[in-house]
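Each chain, letter by letter, is given below.
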Amino acid sequence: MNFKGALLVISGPSGAGKSSIVRELLKQIPNAAFSVSTTTRQKREGEVDGVNYHFTDKESFQKDINEGAFLEWANVHGNFYGTSLKQIMKLLDEGKLVILDIDVQGYMLLKEKLEPFITSVFLTTKSREDLKTRLLLRQGDSEEVIEKRLENAFGEMTYINHYKYLVINDDFKTALAQMLNIALAASSKRALTDTDKFIEAWAKSPK
Ligand code: 5GP
């Protein structure tokens, strides 16, 4: 299996700042593309269908599962989220650095299938208290939803060791600089090159 593009997976507790980091990465890295997931969760204020997510209902989501449309899918905080297989393959074929904001369960599934092509980052806050403050500041989530996300955060933290990189989002600029470096490294993964062909062409070039 060979791809022209690469996968950059970012996971971490909800509210750790993944979306803001991803937004900046997409602005600053010319060949980066976002894997727009499908979800059954309610749209938040400011979110755009087809940009942040493809918003759908449980019935259609189940239909997609049955048809094998997802590379991975998971139930996160009571809603369904899935990564479109077709979209990922298209972006990889176009040579994109595909950025996936997915939860730990989704990453574990993806890792089983595509590990050599994945660079993984766990992004989190420096403390639980810090996460709570951020979740409270974020508009649009009810108290109940925030409580659920906080409850789930510790469980997600226990997956840290499955990730290649750990970025602690204390100072946004520092975290972003770290992420930009990691994104650059992601595009240079050896598995992305057909090394046999490369060595052959290298040897054939004039002495
Ligand atoms: P939110 O509702 O805050 O946008 O996302 C909740 C969680 O779902 C986040 O941890 C996010 O990474 C995860 N998520 C978003 N899209 C996907 C997906 O396609 N697959 C999986 N497994 N998780 C996702």
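Look up: the structure comes first, before these words.
Just so it is clear, the structure is predicted and the values come from calculations on it, not from any experiment.

**Q** Quick question: what am I supposed to make of the nonpolar core here?
**A** Among the nonpolar cores identified, the biggest contains 39 residues, and L7, L8, I10, L25 and L100 are the most heavily contacted of them. When residues of this core are traced back to their parent elements, those giving at least two are β1 (6-11), α1 (18-28), β2 (32-34), α3 (85-93), β7 (97-101), α4 (104-114), β8 (118-124) and α7 (172-186). For this core, the element with the highest residue contribution is α7, accounting for 6 residues. If near-sequence neighbours (up to four positions away) are discounted, L7 is found in contact with I88, L92, V98, L100, L114, F117, I118 and T119.

**Q** Quick question: what am I supposed to make of the site of the ligand here?
**A** Near the ligand there are 18 residues, and of these S37, R41, Y53, Y81 and D101 occur at the shortest range. Note that an oxygen atom of the ligand is positioned 2.5 Å from one of the side-chain N or O atoms of Y53. Contact distances for the ligand include 3.2 Å between an oxygen atom and a side-chain N or O atom of T83. Of all the secondary structure elements, the ones that give two or more residues to the shell around the ligand are β5 (70-76) and β6 (79-84). Within the shell around the ligand, the residues separate by chemical class into 5 nonpolar, 6 polar and 7 charged.

**Q** Would you explain the sheet that holds β7 in this entry?
**A** By way of backbone hydrogen bonds, the strands of a sheet pair with one another, either parallel or antiparallel. Taken together, 5 strands build an open sheet; the order of strands is β2-β7-β1-β8-β9 and the sheet is parallel. Among the strands making up the open sheet, the edge pair consists of β2 and β9 (165-168). Ignoring which end each strand starts from, the neighbouring axes of this sheet average 25 degrees apart. Here β1 runs beside β8; their pairing, made up of 5 bridges, is parallel. Across the sheet, the residue bridging to L8 is T119, located in β8.

**Q** For this particular structure, what's the right way to read the packing of aromatic side chains?
**A** The way to describe two aromatic rings as a pair is by their centre distance and the angle between their planes. Following the criterion strictly, the structure yields 8 aromatic pairs and no others. The rings of F61, F70, W73 and F80 are connected pair by pair, giving a single aromatic cluster.

**Q** Hey, could you run me through the packing of α1 against α7 in this one?
**A** Pairs of packed helices are described in terms of their axes, by the angle between the two and the distance that separates them. Put simply, α1 and α7 touch, their axes get as near as 10 Å, and they point 55 degrees apart. For the element pair α1 / α7, the angle class is oblique. Crossing hand, α1 versus α7: right-handed. Of the residues in α7, those in contact with S20, I21, E24, L25 and Q28 of α1 are F172, A175, L176, M179 and L180. Partitioned by chemical class, the residues of the contact of α1 with α7 number 7 nonpolar, 2 polar and 1 charged.

**Q** What's the story with the pairing of β7 in this structure? I'm lost.
**A** Side chains on a regular strand alternate between the two faces of the sheet. Of all the 5 residues making up β7, 5 are buried; the element is thus mostly covered by neighbouring parts of the structure. Bridge analysis of β1 against β7 gives 5 bridges, and the strand direction is parallel. Its bridge partner lying in β7, I10 is registered against D101.

**Q** Even after reading the chapter, I still don't get the packing of helix α5 (residues 128-137) against helix α6 (residues 143-157), so can you show me in this structure?
**A** At a minimum axis distance of 10 Å, the contact between α5 and α6 shows a crossing angle of 155 degrees. Classed by the angle they form, the pair α5 and α6 counts as roughly antiparallel. Where α5 crosses over α6, the handedness of that crossing is right-handed. Residues R128, L131, K132, L135 and L136 of α5 form the contact with α6, whose participating residues are I146, R149, L150 and A153. Across the contact of α5 with α6, the residue classes tally to 6 nonpolar, no polar and 3 charged.

**Q** Where do I start with α7 in this structure?
**A** Because an α-helix packs 3.6 residues into every turn, residues spaced three or four apart end up facing the same way. Taking 1.5 Å per residue as the helical rise, α7 with its 15 residues ought to reach 21 Å, and the 21 Å between its terminal C-alpha atoms agrees with that figure. Burial in α7 covers these residues: A175, L176, M179, I182, A183 and A186. Burial along α7 is one-sided: seen end-on, the buried residues are contained in an arc of 125 degrees. Away from its buried face, by an angle of more than 90 degrees, α7 presents the exposed residues K173, N181 and L184.

**Q** Looking at this model, I keep getting lost on α5. Mind explaining?
**A** Taken together, the buried positions of α5 are occupied by D130, L131 and L135. Buried positions in α5, seen along its axis, are confined to an arc of 135 degrees and lie on one side of it. The exposed residues of α5 that point more than 90 degrees off its buried face are E129, L136 and L137. In this structure, the buried side of α5 is in contact with α6.

Each value, and the rule that gives it
Position numbers for residues start from 1 in each chain and track the written sequence from start to end. Confidence filtering applies because this is a predicted model: local features only for residues at pLDDT of at least 70, side-chain atom pairs given and counted only at 80 or more, and all residues used for totals across whole chains, interfaces and linings. Excluded from the side-chain calculations are hydrogens and water; all other atoms, namely the structure's heavy atoms, are used. For the purposes of this section, nonpolar cores are sets of buried Ala, Val, Leu, Ile, Met, Phe, Trp, Tyr and Cys residues that join through side-chain atoms within 4.5 Å. Relative accessibility decides the category of a residue: with a 1.4 Å probe and only protein chains considered, values under 20% of the type maximum give buried, values over 50% give exposed, and everything between is partly exposed. Under the DSSP-based scheme used, a helix requires at least four consecutive residues in state H or I and a strand at least two consecutive residues in state E, with every element numbered from the N terminus. Here, residues are in contact when the closest pair of their heavy atoms is within 4.5 Å. The nearness test applies per residue and asks whether one of its heavy atoms lies within 4 Å of the molecule or strand. Definition of a polar contact: a pair of N or O atoms within 3.5 Å, with one able to donate and the other able to accept a hydrogen when the atoms are protein atoms, and with sequence-neighbouring residues admitted only if both atoms are side-chain atoms. Three classes are used: nonpolar for Ala, Val, Leu, Ile, Met, Phe, Trp, Tyr, Cys and Pro, charged for Asp, Glu, Lys and Arg, and polar for all others, with Gly counted as polar. Pairing between strands is defined by DSSP: at least two bridges between the two strands are required. To get an axis, fit a line to the C-alpha atoms, keeping to the stretch in contact for a helix; angles then go from 0 to 180 degrees between the N-to-C directions. Centres within 6.5 Å are what make two rings of Phe, Tyr or Trp a pair, Trp counting through its six-membered ring; a difference in plane orientation under 30 degrees is then read as stacked, over 60 as edge-to-face, and the rest as tilted. We call two directions roughly parallel when the angle between them is under 35 degrees, roughly antiparallel when it is over 145, roughly perpendicular when it lies between 65 and 115, and oblique otherwise. Should the near helix be turned counterclockwise from the far one by less than a right angle, the crossing is left-handed, whereas a clockwise turn marks it as right-handed. One less than the number of residues in a helix, times 1.5 Å, gives the span that helix is expected to have. Arc, as used here, means the arc of the directions from the helix axis to the C-beta atoms.

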